[in-house]
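The residues making up each chain are set out below.
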Amino acid sequence: MNKIAIYPGTFDPMTNGHMDIVKRSLKIVDKLIISVANNLNKIPLLSIEERKSIIKNDIIENNIEIINIEIKTVNGLLTDFAKMNNATCIIRGLRAVSDFEYEFQMTGMNYQLNPDIETIFLMSSDKNSFISSNLVKEVHKLGGDVSKFVSSNTIKILNHKNSSL
Ligand code: COA
């Protein structure tokens, strides 16, 4: 039986930290659906289409078998989306203790909404544990070098976005 997992996030933009979780998830599931959502508590810089195109580009650049991946937009509840896509688990990356409370709440709520869907946490690798999409955007906007954290394609898109703001 094929194990299908959802890897949800705002991905505004995807970072090397997210990509690390994608690569490691593929060691434990057969198919990963990277699910680009609008977190109602965040105002994204990039449109859903821009975020999806960054993810697709980064997957190709990282030589990840695209056949095992789908990139989709989540509208509505994540648990409904997971069920609709025959996924049995949600994958989340944990960077630090500070992530725990938020993830604990989301996992609890998702479990109440659909107890058939498990959440699996992968610890971020050391070198990625301090990266966040917001920090990447802030450092880039202020002229800092973010090439260790996102792809060169992402930097081009951020340059374009910031110059047109
Ligand atoms: N390495 C580096 N950074 C990482 C990371 C990793 N492995 N994993 C997460 N992050 C960072 C992200 O860059 C992001 O940083 P930011 O806050 O500066 O933007 C932060 O950690 C968390 O973001 P992300 O992983 O993209 O998730 P999110 O918290 O924005 O996503 C959803 C939340 C989309 C999963 C949630 O809102 C959702 O499920 N929405 C659908 C609607 C729904 O069902 N709501 C009810 C949920 S109970």
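Now for a quick tour of the structure. (Residues numbered from 1 in each chain as written. Predicted model: local features only at pLDDT ≥ 70, side-chain atom pairs only at ≥ 80, totals over all residues. Heavy atoms only, no water.)

Some remarks on the pairing of strand β5 (residues 118–123)
Consideration 1: Of the pairings in the sheet, the one linking strand β4 (residues 89–94) to β5 comprises six bridges and is parallel in character. Within β5, the residue paired with Arg92 across the bridge is Phe121.
Consideration 2: The parallel pair β4 and β5, bridged by helix α4 (residues 97–113), forms a crossover whose chirality is right-handed. (Pairing = 2+ DSSP bridges. Helix = DSSP H or I, 4+ residues; strand = E, 2+ residues; numbered from the N terminus. Right-handed = clockwise from strand over helix to strand, strands pointing away.)

Description of the site of the ligand
Consideration 1: Near the ligand lie 26 residues; those nearest to it are Thr10, Lys42, Leu78, Tyr102 and Ser133.
Consideration 2: Gly17 is positioned such that a nitrogen or oxygen atom in its backbone is 3.3 Å from a nitrogen atom of the ligand.
Consideration 3: Note that an oxygen atom of the ligand is positioned 2.8 Å from one of the backbone N or O atoms of Asn134.
Consideration 4: In isolation the ligand offers 950 Å² of accessible surface; the protein chains occlude 87% of this area.
Consideration 5: If you list the elements that add at least two residues to the shell around the ligand, you get β1 (4–9), α1 (16–25), α4 and α5 (133–141).
Consideration 6: For the shell around the ligand, the element with the most residues is α4, which contributes four residues.
Consideration 7: Counted by class, the shell around the ligand contains ten nonpolar, 13 polar and three charged residues. (Near = heavy atom within 4 Å. Polar contact = N/O pair within 3.5 Å; in protein donor to acceptor, adjacent residues only side chain to side chain. Areas by Shrake-Rupley, 256 points an atom, 1.4 Å probe, with all protein chains shown as cover. Nonpolar A, V, L, I, M, F, W, Y, C, P; charged D, E, K, R; others polar.)

Examining the side chain of Glu103
Consideration 1: Note that Glu103 resides in helix α4.
Consideration 2: Take Glu103: its relative accessible area is 4%, and that puts it in the buried class.
Consideration 3: Filtering out sequence-adjacent residues up to four positions away, Glu103 remains in contact with Arg92, Gly93, Leu94 and Phe121. (Buried < 20%, exposed > 50% of the residue type's maximum accessible area, 1.4 Å probe, protein only. Contact = heavy atoms within 4.5 Å.)

Section: the sheet that holds β5
Consideration 1: One open sheet accounts for five strands, arranged β3-β2-β1-β4-β5; its pairing is parallel. Single-partner strands in this sheet number two, and they are β3 (69–74) and β5. Neighbour-to-neighbour, the strand axes of this sheet turn through a mean angle of 30 degrees, independent of strand direction.
Consideration 2: Where α1 meets the sheet, it contacts β1, β2 (31–37), β3, β4 and β5, and its direction lies at approximately 115 degrees from that of β5. (Axes fitted to C-alpha atoms, helices over the stretch in contact; angles between N-to-C directions.)

Focus on the nonpolar core
Consideration 1: Core analysis: the largest hydrophobic core is formed by 22 residues, its most contacted members being Val22, Leu32, Ile34 and Ile91.
Consideration 2: Mapped by element, the contributors of at least two residues to this core are β1, α1, β2, α2 (48–61) and β4.
Consideration 3: In terms of residue count, the dominant contributor to this core is α2 (four residues).
Consideration 4: In this view, Ile34 contacts Tyr7, Phe11, Val22, Ile55, Ile59, Ile69, Glu70, Ile71 and Lys72; residues no more than four positions away in its chain are not counted. (Core = buried A, V, L, I, M, F, W, Y, C linked by side-chain atoms within 4.5 Å.)

Brief notes about the packing of α5 against helix α6 (residues 152–163)
Consideration 1: Running from amino to carboxyl end, α5 crosses α6 at an angle of 60 degrees, the nearest separation of the two axes being 11 Å. Crossing hand, α5 versus α6: right-handed. Here Val136, His140 and Lys141 of α5 come into contact with α6, specifically with Ile155, Leu158, Asn159 and Asn162.
Consideration 2: Each residue belonging to the contact of α5 with α6 can be placed in one class, and the counts come to three nonpolar, three polar and one charged. (Left-handed = near helix turned anticlockwise from the far one by under 90°.)

A short note on α6
Consideration 1: With twelve residues, α6 should cover 16 Å at 1.5 Å per step; its first-to-last C-alpha distance of 16 Å lies within 8% of that length.
Consideration 2: All of the buried residues in α6 are Asn153, Thr154, Ile155, Ile157, Leu158 and Lys161.
Consideration 3: The inward-facing, buried residues of α6 contact α2 and α5. (Expected span 1.5 Å × (residues − 1).)

So, α4
Consideration 1: The end-to-end C-alpha separation of α4 is 25 Å, in line with the 24 Å expected for 17 residues at 1.5 Å each.
Consideration 2: The inward-facing, buried residues of α4 contact α3 (78–84), β4 and β5.

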